[in-house]
Amino acid sequence: MSPDRRALQLAWDAYRAGSVPIGAVVLEDGRIVAEGQNRIFDPRPSEDVLWSTLLAHAETNALAQLPVVHARPYRLVTTLEPCLLCTGAAHIARVAEIRYLAADPYGGAATMTPVNLAMEHAAIRVEGPLDTMDARLAGALVIVYLEEQSLWPRAREAFASSPAEPYARRLLTKGRLGEHRRTTGDVGELMGAIGHLLR
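Residues numbered from 1 in each chain as written. Predicted model: local features only at pLDDT ≥ 70, side-chain atom pairs only at ≥ 80, totals over all residues. Heavy atoms only, no water.

Within this structure, the stated rule accounts for 14 salt bridges. Measuring nitrogen to oxygen at the nearest pair gives 2.7 Å for the salt bridge that ties aspartate 4 to arginine 99. Placement of the pair is aspartate 4 in helix H1 (residues 3–16) and arginine 99 in strand E4 (residues 95–102), with a sequence separation of 95 residues. Pair check on accessibility: aspartate 4 and arginine 99 agree, each one buried. Residue aspartate 42 is joined to arginine 44 by a salt bridge in which the shortest nitrogen-to-oxygen separation is 2.5 Å. Accessibility expressed as a relative area gives 44% for arginine 44, which makes it partly exposed. Among the charged side chains, a salt-bridge network with shared partners connects Asp4, Arg75, Glu97, Arg99, Arg125 and Glu127. (Salt bridge = Lys/Arg side-chain N within 4 Å of Asp/Glu carboxyl O. Helix = DSSP H or I, 4+ residues; strand = E, 2+ residues; numbered from the N terminus. Buried < 20%, exposed > 50% of the residue type's maximum accessible area, 1.4 Å probe, protein only.)

On the secondary structure map, glutamate 28 appears in strand E1 (residues 23–28). Residue glutamate 28 is classed as buried on the basis of its relative accessible area, which comes to 14%. Ignoring anything within four residues of it in the chain, the contact list for glutamate 28 reads Val33, Arg72, Pro73 and Tyr74. (Contact = heavy atoms within 4.5 Å.)

Geometrically, the link from glycine 128 to proline 129 is a cis peptide bond, its omega value of -5° lying close to zero. For proline 129, the position within the fold is in the loop between strand E5 (125–127) and helix H5 (133–149). Positioned with a positive phi, arginine 94 is a non-glycine residue whose angle comes to about 65°. Tracing the backbone through its elements, the reader meets arginine 94 in the loop between helix H3 (84–92) and E4.

Let us now look at the state of the cysteines. Counting across every chain of the model gives zero disulfides. With no disulfide partner, cysteine 83 has as its closest neighbouring cysteine sulfur the one in cysteine 86, 3.8 Å distant. When its relative accessible area of 0% is taken as the criterion, cysteine 86 is described as buried. (Disulfide = S-S within 2.5 Å.)

Strand order in the open sheet formed by five strands is E2-E1-E3-E4-E5, and the pairing between neighbours is mixed. Only two strands of the sheet have a single partner each, and these edge strands are strand E2 (31–37) and E5. The sheet shows a mean angle of 20° between the axes of neighbouring strands, taken without regard to direction. In this structure, E1 lies alongside E2, joined through six bridges in antiparallel fashion. Paired with valine 26 across the bridge in E2 is alanine 34. Packed onto the sheet, H1 meets E1, E2, strand E3 (74–80) and E4 and runs at close to 150° relative to E1. (Pairing = 2+ DSSP bridges. Axes fitted to C-alpha atoms, helices over the stretch in contact; angles between N-to-C directions.)

Our focus in this paragraph is the environment of lysine 174. Here lysine 174 lies in helix H7 (residues 165–174). Sequence separation between lysine 174 and alanine 7 is 167 residues; the distance between their C-alpha atoms is 24 Å.

Geometric values such as these leave the question of function open.
Dropping the structure here:
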C-alpha cells in the first residue's frame, strides 16, 4: 500500500469512528515508521495517542511516536493540508518534507512563512495539493463530514470553494457513504465502489 493510500485508509478509519476524516503517516527512507488518525471526536481511550481532545490531530498523533533525535529525513504524508498546530509539530519533530493530498482552505498552514529562526533553519519542503483520486476522496470526505456533523460553519463556507467540493456533492447525493461507513472497512474496496464519482 502506498503512503498516500495508507494515510487515506487512516482517514477512512477516523471517519468510520465518528471523527474528522484525516490520516497521516511518517516515512523514513521510504518506510512508514509512524502513523496517526484524527481522534478529536473519538471516545475510545488509547494509551499511546491523543484522543477526545482538540489536539488529537492525525499528524500530531503520528509525529508523537517519533524518537527524540536531531534532524532525520522524515517525510510527513497527510490527507489534508496541515494546520498551524501540525505544521509547528512537524518543525519540532525535524520533518524534512510535508506531502499533503488535499488543500485546507480554512486552516491549512503548510506553506506559512517561517516566524522565527528555528523555523527558518529547519525549512520544510512542501508538496501539495495533489490532483489524484486519493486526493479528491481525502478532500471530499472532510467536506462530507463537515456537512453531516453541521460543524464549524466558517470551515464549511471556506471549503465551498475547494476543488474537492464537486466530488463531495457527488458522494453526498450518489455515494451511499452511510452504507459504506457501516460495511466497508478497506479504503481500496471503497474506491472500487465509488471511484467513478471521483473522475
